[in-house]
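What the coordinates show
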Amino acid sequence: MSVGTFSPFCRASLALTCLLFILCQPVWALDYELKGIERSELEDNIELHLASVKLVDNALDEPTEDRIMRSVKTALQPFGFYNSEVALYFEEEELVIDVSLGAPLKVSNVTREIIGDGRTDEAFRQRYNAFPLKQGDVLHQPTYEKFKSEMFNYALSNGYFDFYWQATRLDLVREENEANILLIAQSGRQYEFGEVELVGDDRAKAIIGRLKNFVAGEKYSSAKLTEFNRRLNETGYFARAIARPIVKRAEGARVPVEVTLTHLPRDIFNVGGGANSDKGPRVRARWERPWVNTRGHSVTGQVFFSKLEQAASLDYRIPLEDVNNDYASFQTSYEFEDNSISDTKSETLTISGHRFWKEAESPWQRSLSLTFEREMFTQGISDPQTINLLMPGYSIGYTKSDQELTIGQGQQYIVAVQGGHESAGSDISLFKITANAKVITTINDTHRIYLRADAGAIRTDDFNRVPSSLRFFTGGDQSIRGFRYQEISPQVLDDEGNPVLTGGRYLATASVEYAYPVADNWRAAVFADVGTATNDFSDGLSRGLGIGAHWLTLIGPVRFYIAQGKNDFETQWRFHFSLGPEL
């Protein structure tokens, strides 16, 4: 090897040594104070541009200074400041970036033009002419870019699938501090809805026709298609439903809508359970056949078991014009109750027909019903009776909440009336009305207030023959805490002088509860309940006072309470718990 030359191995070793030396130098993030900037969007963009600038060995060399100054100026240009000046200096060992913005570029001319069907579309023109930058405004490139993006999305959402920007340009005249904007949109034609095409199983053809919210030949709207998708997925017939336009198969201006459906299984079975301090553990088994026929009829069967009640029911549902909100239902059920707390033993066979309807997106729901009820019951010390009732009924309800499970804001109001007459298929004449109200409000995402009230009345000339299931009892988790389930009602004495319950003609209860978050997923609560089930409102009221805790889980809040119940006859303490949403 001659003097003054290096072998390839030596050159590689030297390069590696230099690289290791550079990599081993300590690298510091740029720490600085920014002066001369008061707008947060400018500060944020400067911070973003300087994020990649690092100091080697915490030293500020000339290349780094130049890079900082260029980065700051570049960060300011989208906001119209092309004449800014940047000075760097240290104050008490802290780097100061001092910015003088200078005169901004202002919009001198805005030239806009539409080519295609959008030119004669009033809504399209209004949207296009709403370009926010006007002559004399400071150039603001984020607004310019946002408008282009939003206009493109608007065009696609309204059937202009061929839309594109034929020309867009920003001409900057920096010497005059001016900017000229050019926007030329090629909208193309506006497409229309075509026919709906089902992919695969076509049993839902009749249902789809009633769910569809557009007709062939109507101007395309992504909002309408989104609503159509929502309706499809809310029917309960499909595991998954997707409707989408197939633009490449358009015939002229008409775009077919392809609907891909994944049907639920022929039969669905599930078993669930739960518990609360009113009825103890409970088990529910459910069977559902979503499709009985191509008209969308469905059938559901359920069995329910708890210590106090057992029930079985069958519900046959027929969708009407609005599949999701308008339907008829025919139900039959058998219920057995043996409740020693309310001194009730009854067997009830019910056959009923219901007509439910509500407006789409409305929180109001109404129903008409006709119910035949045959109840064999013993209430308190009365003799066993069998009563047949044929009762028309009507209910109207309002339910609205911000969530389904852990509700922060919500309201529910329900009023229901039901009655029968001896001359119209009933053994006795009676009229019953009930009203329920619940309001949940949360103030500042912290203070949660829950208000609840229930009222009811029965009018009849022969109350002793009114079935137990129609009489009023109260007490328990959902009414007056501090008392057992249905423990409060008018009383009589049996042969041994012990009080037994008869159920009441009237019901009135009210409750207020305040809850405050104390830890993740936990709230502390205090409450007061008051009310009665009675035949005479001159009787004293029962009261419940106590404290509690809410555990917020994925399946809804679990609520625990310790309550003191007090009335004219006794004072007692009870523990309550319940699971599930309050509306």
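Here the residue numbering is sequential within each chain, running from 1 through the sequence in written order. Whole-chain, interface and lining totals are the exception, using all residues; otherwise, since this is a predicted model, local features are given only for residues with pLDDT of at least 70 and side-chain atom pairs are given and counted only at 80 or more. Water and hydrogen atoms play no part in the side-chain values, which are based on all heavy atoms of the structure.

Moving on: the environment of Ser352. By definition, any uninterrupted DSSP run of H or I lasting at least four residues is a helix, any uninterrupted run of E lasting at least two residues is a strand, and each is numbered from the N terminus. For Ser352, the location among the structural elements is in strand β17 (residues 344-357). Between the alpha carbons of Ser352 and Asp402 there is a distance of 33 Å; along the sequence they are 50 residues apart. Contact between two residues is taken to exist if any of their heavy atoms lie within 4.5 Å; hydrogens are not considered. Contact partners of Ser352, with chain neighbours within four places excluded, come to Ser329, Phe330, Gln331, Leu370 and Thr371. Among the polar contacts made by the side chain of Ser352, one reaches the side chain of His354 at a distance of 3.2 Å. Side-chain atoms alone can form a polar contact between residues adjacent in sequence; in general such a contact is a pair of N or O atoms within 3.5 Å, and within protein one must be able to donate a hydrogen while the other accepts it.

All right, on to the pairing of strand β27 (residues 542-553) then. Judged from the 10 bridges that link them, strand β26 (residues 522-534) and β27 form a sheet pairing that is antiparallel. Among the inter-strand pairings, Trp522 is bridged to a residue of β27, identified as Trp551. In this analysis, strands are considered paired if DSSP registers two or more bridges between them. Bridging between β27 and strand β28 (residues 556-566) involves 11 bridges; their strand directions are antiparallel. Note on β28: the bridge partner recorded for Trp551 is Val558. Connecting β27 to the antiparallel partner β28 that follows it, the hairpin turn spans 2 residues.

Moving on, we come to the packing of helix α2 (residues 40-50) against helix α3 (residues 62-76). Where α2 contacts α3, the axes come no closer than 9 Å and their chain directions differ by 140°. Considering the angle they form, α2 stands oblique to α3. The two elements α2 and α3 meet at a crossing, and its hand is right-handed. Residues Leu42, Asn45, Ile46, His49 and Leu50 of α2 pack against Ile68, Ser71, Val72, Thr74, Ala75 and Leu76 of α3. Residue classes in the contact of α2 with α3 are distributed as 7 nonpolar, 4 polar and no charged. Each axis is a line fitted through C-alpha atoms, taken for helices only over the stretch in contact, and angles between the N-to-C directions span 0 to 180 degrees. Under this scheme an angle from 65 to 115 degrees is roughly perpendicular, one under 35 degrees roughly parallel, and one over 145 degrees roughly antiparallel; angles in between are oblique. By convention the crossing between two helices is left-handed if the near helix lies anticlockwise of the far one by an angle smaller than a right angle, and right-handed if it lies clockwise. Only Asp, Glu, Lys and Arg are considered charged in this grouping, and only Ala, Val, Leu, Ile, Met, Phe, Trp, Tyr, Cys and Pro are considered nonpolar; every other residue, Gly among them, is considered polar.

Looking now at the confidence of the model for the protein chain. Looking at the protein chain, pLDDT values average 90 and 94% of them are 70 or higher. For every residue, the predictor assigns a confidence score, pLDDT, that lies between 0 and 100. Below a pLDDT of 50 lies the segment residues 1-10, which in the model reaches 3 contacts outside its immediate sequence neighbourhood of four places, other chains included. Contacts from residues 14-25, a stretch scored under 50 in pLDDT, to residues over four places away or in other chains number 1 contact.

This part is about the side chain of Lys148. Following the sequence through the fold, Lys148 ends up in helix α5 (residues 141-157). Exposure remark for Lys148: the relative accessible area of 15% places this residue in the buried category. When residues no more than four places from it in sequence are discounted, the contact partners of Lys148 are Trp165, Thr168 and Leu183. Summary of the burial criterion: residues with accessible area below 20% of their type's maximum are buried, those above 50% are exposed, and those between are partly exposed, where the area comes from a 1.4 Å probe applied to protein chains only.

Here a helix's expected span is defined as the number of its residues, less one, multiplied by 1.5 Å. With 15 residues, α3 ought to run about 21 Å at 1.5 Å a step, and its terminal C-alpha atoms sit 22 Å apart, in line with that. Buried within α3 are the following residues: Thr64, Ile68, Ser71, Val72, Ala75 and Leu76. End-on, the buried residues of α3 take up no more than an arc of 130°, which puts them together on one face. For α3, exposure combined with an orientation more than 90 degrees from the buried face picks out Glu62, Pro63 and Arg70. Directions drawn from the helix axis to the C-beta atoms are what define this arc.

Here we take up a nonpolar patch on the surface. Among the surface-exposed residues, Tyr514, Tyr516, Val518, Trp522, Val526, Ile547, Trp551, Ile562, Trp573 and Phe575 lie close enough to one another that they form a single nonpolar patch of about 1000 Å² accessible area. Put simply, the parts of the chain that give the nonpolar patch at least two residues each are β25 (506-519), β26, β27 and β29 (571-579). It is β25 that provides the largest number of residues to the nonpolar patch, a total of 3 residues. You can see Trp573 is positioned in strand β29. Overall, the relative accessible area of 59% leaves Trp573 in the exposed class. Think of a patch as exposed residues, more than 30% relative accessible area, with no salt bridge, where like charges cluster within 9 Å and nonpolar side chains (Val, Leu, Ile, Met, Phe, Trp, Tyr) cluster within 5 Å. Note on areas: Shrake-Rupley, 1.4 Å probe, and residue coverage restricted to the protein chains presented here. A pairing counts as a salt bridge when a side-chain nitrogen of Lys or Arg comes within 4 Å of a carboxyl oxygen of Asp or Glu.

With the rule as written, the count across this model stands at 25 salt bridges. Note that Glu192 is salt-bridged to Lys219, the shortest N-O span being 3.9 Å. Of this pair, Glu192 sits in strand β9 (residues 192-199) while Lys219 sits in the loop between α6 (205-211) and α7 (222-234), placing them 27 residues apart in sequence. By relative accessible area, Glu192 is classed as buried at 17%. Of the charged contacts in the structure, one is a salt bridge between Arg448 and Glu582, with a shortest N-O distance of 2.8 Å. With Arg448 in strand β22 (residues 447-460) and Glu582 in the segment after β29, this pair connects stretches of sequence that are 134 residues apart. The class for Arg448 is buried, based on a relative accessible area of 4%. The class of Glu582 is buried, set by a relative accessible area of 5%. Where salt bridges share partners, they join Glu197, Arg244, Arg249 and Glu258 into one cluster.

Two rings belonging to Phe, Tyr or Trp (six-membered ring only in the last case) form a pair when the distance between their centres is within 6.5 Å. Interplanar angles under 30 degrees mark stacking, angles over 60 mark edge-to-face geometry, and anything in between is tilted. Inspection of every chain in the model, using the stated rule, returns 25 aromatic pairs. Relative to Tyr398, the ring of Trp364 has its centre 4.9 Å away and its plane inclined at 65°; by these criteria the two rings are edge-to-face. With Trp364 in strand β18 (residues 364-379) and Tyr398 in strand β19 (residues 385-401), the pair connects residues that are 34 residues apart, well separated along the chain. One aromatic cluster is present, formed by Phe124, Tyr128, Phe131, Phe147, Phe152, Tyr154, Tyr160, Phe163 and Trp165 through successive ring pairs. The side chain of Arg481 reaches across the aromatic face of Phe527, ending 3.9 Å from its centre. In this scheme, the term charge over a ring applies when either NZ of a lysine or CZ of an arginine sits within 6 Å of the ring centre and within 35 degrees of the ring normal. Of note, Arg481 hangs over the ring of Tyr561, and the distance from its end group to the ring centre comes to 4.6 Å.

Listing the buried residues of α2 in full gives Leu42, Asn45, Ile46 and Leu50. Seen from one end, α2 has its buried residues packed into an arc of 130°, which puts them on one side. On its buried face, α2 sits against β2 (32-35), α3 and β5 (94-100).

What follows is about a negative patch on the surface. Working convention for charge: Lys and Arg count positive, Asp and Glu count negative, and His plus the chain ends are omitted. In plain terms, the charge of a residue is placed at NZ if it is Lys, CZ if Arg, CG if Asp and CD if Glu. Where like charges cluster on the molecular surface, the negative patch consists of Glu38, Glu43, Asp44 and Glu47. Mapping Asp44 onto the fold places it in helix α2.

Turning our attention to the pairing of strand β12 (residues 268-276). Relative to strand β13 (residues 280-289), β12 runs antiparallel, the two sharing 9 bridges. Paired with Phe269 across the two strands is Trp287, which belongs to β13. Turn length for the β12-β13 hairpin, with the two strands adjacent in sequence and antiparallel, is 3 residues.

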